[in-house]
Amino acid sequence: MLERDFQRNVIKTIKERLPGCIVLKTDPTYIQGLPDLLILYRYKWAALEVKASLKARRRPNQKYYIDKMNKMAWAFFICPQNFKEVLDEVCRALKA
């Protein structure tokens, strides 16, 4: 599965599981390494970096921003292999 197709599925599933949320796609040319998606739900947020697989190459700074944003709220790498676990964790965190 291509990353863009997987990302589309991630967005669709998030909107189904978190009704009323806002999912924003970030601009990779603005800050290199910033996670692909920002999810806003009620007064909380989470960030997701979408990858086509666990073995997909990580760009410079992606781990830095995931770690930094995870200290502020929640941030994860998501791929088809960890899709269910990561979405469950994001939904649990944002609904709490």
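In short, a report on the structure. (Residues numbered from 1 in each chain as written. Predicted model: local features only at pLDDT ≥ 70, side-chain atom pairs only at ≥ 80, totals over all residues. Heavy atoms only, no water.)

Some details on the nonpolar core
Part 1: Ranked by size, the top nonpolar core spans 21 residues in total, and within it Val10, Ile14, Leu18, Ile39, Leu48, Ile78 and Val90 carry the most contacts.
Part 2: Secondary-structure elements contributing two or more residues to this core are α1 (3-17), β2 (37-41), β3 (44-50), β4 (74-78) and α3 (83-95).
Part 3: In this view, Leu18 contacts Ile39, Tyr41, Cys91, Leu94 and Lys95; residues no more than four positions away in its chain are not counted.
Part 4: Residues Ile66, Met69, Ala75 and Phe77 belong to the second largest nonpolar core, which totals five residues. (Core = buried A, V, L, I, M, F, W, Y, C linked by side-chain atoms within 4.5 Å. Buried < 20%, exposed > 50% of the residue type's maximum accessible area, 1.4 Å probe, protein only. Helix = DSSP H or I, 4+ residues; strand = E, 2+ residues; numbered from the N terminus. Contact = heavy atoms within 4.5 Å.)

Overview of the pairing of β4
Part 1: When you tally the buried positions in β4, you get four out of five residues, the bulk of the element.
Part 2: In terms of handedness, the path from β3 via helix α2 (residues 62-72) over to β4 forms a crossover that is right-handed. (Right-handed = clockwise from strand over helix to strand, strands pointing away.)

Some remarks on the environment of Trp45
Part 1: With respect to the helices and strands, the residue Trp45 is situated in strand β3.
Part 2: Since its relative accessible area comes to 23%, Trp45 is described here as partly exposed.
Part 3: With 16 residues separating them along the chain, Trp45 and Asn61 place their C-alpha atoms 20 Å apart.

Notes on the state of the cysteines
Part 1: The full count for this structure, using the stated rule, is zero disulfides.
Part 2: Unpaired in this structure, Cys21 has its nearest cysteine sulfur neighbour in Cys91, at a distance of 8.4 Å.
Part 3: For Cys21, a relative accessible area of 12% translates into the label buried. (Disulfide = S-S within 2.5 Å.)

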